[in-house]
2 protein chains.
Amino acid sequence: MESSSAASGGSTRREATRQKLYEAAVTLIAEQGFSATTVDEIAERAGVAKGTVYYNFASKSVLFEELLRHGVGLLTASLREAAERTARDGGGKVDALDAMIRAGLVFIDRYPAFTQLYVAELWRTNRAWQSTLMVVRQEAVAVVEGVLREGVDNGEFSDEIDVPLTAAALVGMVLVAALDWKSFQPERSLDDVHAALSRLLQGRVSGSR
Amino acid sequence: MESSSAASGGSTRREATRQKLYEAAVTLIAEQGFSATTVDEIAERAGVAKGTVYYNFASKSVLFEELLRHGVGLLTASLREAAERTARDGGGKVDALDAMIRAGLVFIDRYPAFTQLYVAELWRTNRAWQSTLMVVRQEAVAVVEGVLREGVDNGEFSDEIDVPLTAAALVGMVLVAALDWKSFQPERSLDDVHAALSRLLQGRVSGSR
DNA sequence: ATATTTGAACTGACTGGTCAGTGCAAAAAC
DNA sequence: GTTTTTGCACTGACCAGTCAGTTCAAATAT
């Protein structure tokens, strides 16, 4: 009966095949897009029969939607954890932002395919899972907005900043820089990329030397 | 006899239908993605028979590739123009960057569908038009890189900045902020969005008041 | 002027193939 | 003995690309 035996989502056999299907689907869809990816391909890459896909998920779209929720859950948890860790260590909001940039980079480093797929689908309209995406997007951006707002409240950030827009711009900065890193100069280190973005964030761009 | 009467590429009938097909394809593909968009749909929206699509373009993919080239051509021209204008007016490289941000926003404001589609396809791998995308991406980013490099050379920017990465991050910042603006708070003015991004660029985020 | 020809541009029915989703009996796992 | 997975044949919808035929404006002939 749906088990969920101990804590959350771990150890049933069913959960294991679902995981395999997520992993197969995420890379294929990132490479080719949702419509160009066939259920047969997903099943094959997961090493599973086609029937199993439909035993575990109601449809191709549902598989994809649950995949999205799954991935964004991981991301937001990681961002939140980074922000809280700096707070515990007595860092300011700038440090929190910086830690979140790093957490974002680490996430993209580990799950590049998911990130790719997320970006590709985020601004589409007229799609079945549009509402899922909206929810899931807001979850992630809200974490950044929260830190910005707290920073404005305690005087660390200018009260003239536009919180939602700045949050979106920051997310975009990290997202695009990281995807470029992975796609076009994958030999660079994470620290390197992080340093460049930190500099940009802290306005240490103008001024020579 | 082949006409092309006066100068180049403007007023033939063929050019007009191609334009109609571009316009139809760009919105449909932005909404649904390339694979989910059918040639019949494109033809119908353009008010043209399906055969006409194939009379004008070798295939669905070729139509898409030419559409990409067409759009990115407009964007780079606009960015270059903005940079040159500030140079003529005696502005520094920071002004050039700021003008390019505005030019980017104006472009996205005018062609949101194209931008959407460009972002969605840019980081895909294993696709037929992969090489076209690489070329076309480099064209756009190169304009920003050029300004950054000139700024480093003449001492306006720190020589510690990482030119390609910073360029990518800036492009990402504008892209994502603008798409968010169009998708989630379309009532805001361009000036408003521009001001927020300017502030972020110039590091006027930290420090209250 | 008027008739005729030419050919680029366009049309839309048709074809061959692909793919999401189904159904089910037998095997394996737990 | 119940849940999950397998393997595979099948269906019906959908879709990229083709092609024989039509349209019409401009060129040429009369």
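Residues numbered from 1 in each chain as written. Chains lettered and ligands numbered in written order. Predicted model: local features only at pLDDT ≥ 70, side-chain atom pairs only at ≥ 80, totals over all residues. Heavy atoms only, no water.

(A) Representation of the overall build of chain A. For chain A, the helix and strand inventory stands at nine helices and zero strands. Element order for chain A, N to C, with α for helix and β for strand: α-α-α-α-α-α-α-α-α. Expressed as lengths along the three principal axes of its C-alpha atoms, the size of chain A is roughly 60 × 40 × 35 Å. A total of 209 residues make up chain A; the buried ones form 51% of that total. If you take every contact in chain A between residues at least 6 apart in sequence, the share linking residues at least 24 apart comes to 64%. Entry remark: accessible area of chain A is about 9400 Å², with carbon and sulfur atoms responsible for 51%. (Helix = DSSP H or I, 4+ residues; strand = E, 2+ residues; numbered from the N terminus. Buried < 20%, exposed > 50% of the residue type's maximum accessible area, 1.4 Å probe, protein only. Contact = heavy atoms within 4.5 Å. Areas by Shrake-Rupley, 256 points an atom, 1.4 Å probe, with all protein chains shown as cover.)

(B) Broad picture of the protein's contact with DNA strand D. Around DNA strand D, the surrounding shell holds 17 residues, and the nearest of these are A:Thr17, A:Thr52, A:Tyr55, B:Val39 and B:Lys50. Backbone atoms, meaning sugar and phosphate, make up 72% of the atoms of DNA strand D lying within 4 Å of the protein. One of the side-chain N or O atoms of A:Asn56 is found 3.1 Å from a phosphate oxygen in DNA strand D. One of the side-chain N or O atoms of B:Tyr54 is found 3.0 Å from a phosphate oxygen in DNA strand D. Elements that contribute at least two residues to the surface near DNA strand D include exactly α1 (13-32) and α3 (50-56) of chain A together with α3 (50-56) of chain B. With four residues, α3(A) is the largest single contributor of residues to the surface near DNA strand D. Looking at side-chain class alone, the surface near DNA strand D contains five nonpolar, eight polar and four charged residues. (Near = heavy atom within 4 Å. Polar contact = N/O pair within 3.5 Å; in protein donor to acceptor, adjacent residues only side chain to side chain. Nonpolar A, V, L, I, M, F, W, Y, C, P; charged D, E, K, R; others polar.)

(C) Region of interest: the relation of the copies chain A and chain B. Under the fitted operation, chain A is carried onto chain B by 0.1 Å of movement along the axis and a turn of 180°, and the coordinates agree to an RMSD of 0.2 Å. Such a combination of rotation and displacement between the chain copies is what one expects of a two-fold axis. Here 100% of the interface residues in chain A have copies in chain B that are interface residues too; the copies meet face to matching face. (Least-squares fit on C-alpha atoms with pLDDT ≥ 70 in both.)

(D) The arrangement of the environment of B:Val72 in detail. Inspection of the secondary structure assignment puts B:Val72 in helix α4 (residues 60-88). The contacts of B:Val72, once residues within four sequence positions are left out, are B:Phe114, B:Tyr118, B:Val136 and B:Glu139.

(E) Representation of the domain arrangement of chain A in the model. Residues and elements named next belong to chain A. Here chain A is partitioned into domain 1 (10-57) and domain 2 (66-201). If you average the C-alpha positions of domain 1 and of domain 2, the two centres end up 27 Å apart. Facing the 11 residues of domain 1 at the interface are 10 residues of domain 2. Between domain 1 and domain 2 the total buried area reaches about 840 Å² when both faces are included, carbon and sulfur atoms providing 70% of it. Its largest share of buried area at the contact with domain 2, domain 1 owes to Tyr22, Val26 and Ala30, together 54% of the area lost on that side. Applying the counting rule to domain 1 against domain 2 returns one salt bridge. (Domains from an automatic or database assignment. Buried area = accessible area lost by both parts, 1.4 Å probe. Salt bridge = Lys/Arg side-chain N within 4 Å of Asp/Glu carboxyl O.)

(F) Looking closely at the side chain of B:Thr115. Residue and element names in this part refer to chain B. With respect to the element layout, Thr115 can be found in helix α6 (residues 112-122). Since its relative accessible area comes to 4%, Thr115 is described here as buried. Within the local environment of Thr115, its side chain forms a polar contact with the backbone oxygen of Tyr111, the two atoms lying 3.0 Å apart. The residues contacting Thr115, other than those within four sequence positions of it, are Phe107, Ile108, Leu175 and Leu179.

(G) Highlighting the protein's contact with DNA strand C. Lining the immediate environment of DNA strand C, one finds 17 residues, of which A:Lys50, A:Tyr54, B:Ala49, B:Thr52 and B:Tyr55 sit closest. Backbone atoms, meaning sugar and phosphate, form 75% of the atoms of DNA strand C found within 4 Å of the protein. In this structure, a phosphate oxygen belonging to DNA strand C sits 3.0 Å away from a main-chain N or O atom of A:Val39. Within the contact set of DNA strand C, a base nitrogen lies 2.9 Å away from a side-chain nitrogen or oxygen of A:Lys50. Where the surface near DNA strand C is concerned, the elements lending two or more residues are α3 of chain A together with α1 (13-32) and α3 of chain B. In terms of residue count, the dominant contributor to the surface near DNA strand C is α3(B) (four residues).

(H) Structural view of the environment of A:Ser59. Residue and element names in this part refer to chain A. Its place among the elements puts Ser59 in the loop between α3 and α4 (60-88). The exposure class assigned to Ser59 is partly exposed, which follows from its relative accessible area of 25%. Through-space distance from the C-alpha of Ser59 to that of Val39 is 9.3 Å; in sequence the pair is 20 residues apart.

(I) The arrangement of the side chain of B:Ser158 in detail. With respect to the helices, strands and loops of the structure, B:Ser158 is situated in the loop between α7 (130-153) and α8 (163-184). Polar contacts involving the side chain of B:Ser158 include one to the main-chain amide nitrogen of B:Glu160, which spans 2.9 Å.

(J) Inspection of the UniProt feature "domain: HTH tetR-type" (unreviewed entry) in chain A at higher detail. Summarizing the sequence annotation, UniProt attributes the feature "domain: HTH tetR-type" (unreviewed entry) to residues 15-75 of chain A in the numbering used throughout. The straight-line gap between the two end C-alpha atoms of residues 15-75 of chain A is 20 Å; of that span, 80% is helix and 0% is strand. (UniProt positions renumbered as here; feature names shortened; annotations may be inferred.)

(K) Quick peek at the nonpolar core. Of all hydrophobic cores here, the largest spans 142 residues; its most connected members are A:Leu105, A:Leu148, A:Leu197, B:Leu105, B:Leu117, B:Leu148 and B:Leu197. Residues within four places of B:Leu197 in sequence aside, it is in contact with A:Ala169, B:Ile101, B:Leu105, B:Met173, B:Val174 and B:Ala177. (Core = buried A, V, L, I, M, F, W, Y, C linked by side-chain atoms within 4.5 Å.)

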